[in-house]
Amino acid sequence: MDTNVRPDEIPDGFTAADPTQANAGPDSKQAQKQAQQEQKRSILEQSLTPEALARLGTIKVGTLLFFLQAFFRACLVDRR
């Protein structure tokens, strides 16, 4: 049985990394955590309608702008 898999054969949200690798170091754990986040994002995107995805993007941008404004206001207050 051929166990070699080309990267283009791996579906979105999956990885060729061996999940049973016993000597997984910090880099491996970080990569695994990132892969899990990517899988969650992929599942979310697949489950939402295009309109819901657009709205979610708008919410994320709005939240980011809110925090940036608060940060800059705090910086201005500290400088006075």
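Residues numbered from 1 in each chain as written. Predicted model: local features only at pLDDT ≥ 70, side-chain atom pairs only at ≥ 80, totals over all residues. Heavy atoms only, no water.

Asks: Just to check I follow, could you spell out the packing of aromatic side chains for this structure?
Replies: Two aromatic rings are characterised by how far apart their centres lie and by the angle between their planes. Tallying each qualifying case throughout the model produces 2 aromatic pairs. Aromatic side chains F66 and F67 sit 5.4 Å apart centroid to centroid with 70° between the ring planes, which places their arrangement in the edge-to-face category. Judged by relative accessible area, which is 52%, F67 ranks as exposed. Where F71 meets F72, the ring centres are 5.4 Å apart and the plane angle is 65°; that geometry is what we call edge-to-face. The class for F72 is exposed, based on a relative accessible area of 51%. (Phe/Tyr/Trp six-rings, centres within 6.5 Å; stacked < 30°, edge-to-face > 60°. Buried < 20%, exposed > 50% of the residue type's maximum accessible area, 1.4 Å probe, protein only.)

Asks: So what exactly am I meant to see when it comes to the environment of T63 here?
Replies: By secondary structure assignment, the location of T63 is in helix α2 (residues 50–79). A distance of 2.8 Å separates the side chain of T63 from the backbone oxygen of I59, its partner in a polar contact. (Helix = DSSP H or I, 4+ residues; strand = E, 2+ residues; numbered from the N terminus. Polar contact = N/O pair within 3.5 Å; in protein donor to acceptor, adjacent residues only side chain to side chain.)

Asks: Explain a nonpolar patch on the surface to me, please; I cannot follow it from the model alone.
Replies: On the surface, V61, L64, L65, L68, F71 and F72 cluster together to form a nonpolar patch covering roughly 590 Å² of accessible area. One can find V61 in helix α2. (Patch = residues over 30% accessible without salt bridge, like charges linked within 9 Å, V, L, I, M, F, W, Y side chains within 5 Å. Areas by Shrake-Rupley, 256 points an atom, 1.4 Å probe, with all protein chains shown as cover. Salt bridge = Lys/Arg side-chain N within 4 Å of Asp/Glu carboxyl O.)

Asks: Is there a simple way to explain the pattern of salt bridges in this structure?
Replies: In total, this model carries 4 salt bridges according to the counting rule given. As a salt-bridge pair, E9 and R6 come within 3.4 Å of each other at their nearest N and O atoms. The salt bridge involving E38 is made with R41; its shortest N-O contact spans 2.0 Å. In this pair, E38 and R41 are both assigned in helix α1 (residues 26–47), 3 residues apart and thus about one turn of the helix distant. Members of the salt-bridge network, linked through shared partners, are R6, D8 and E9.

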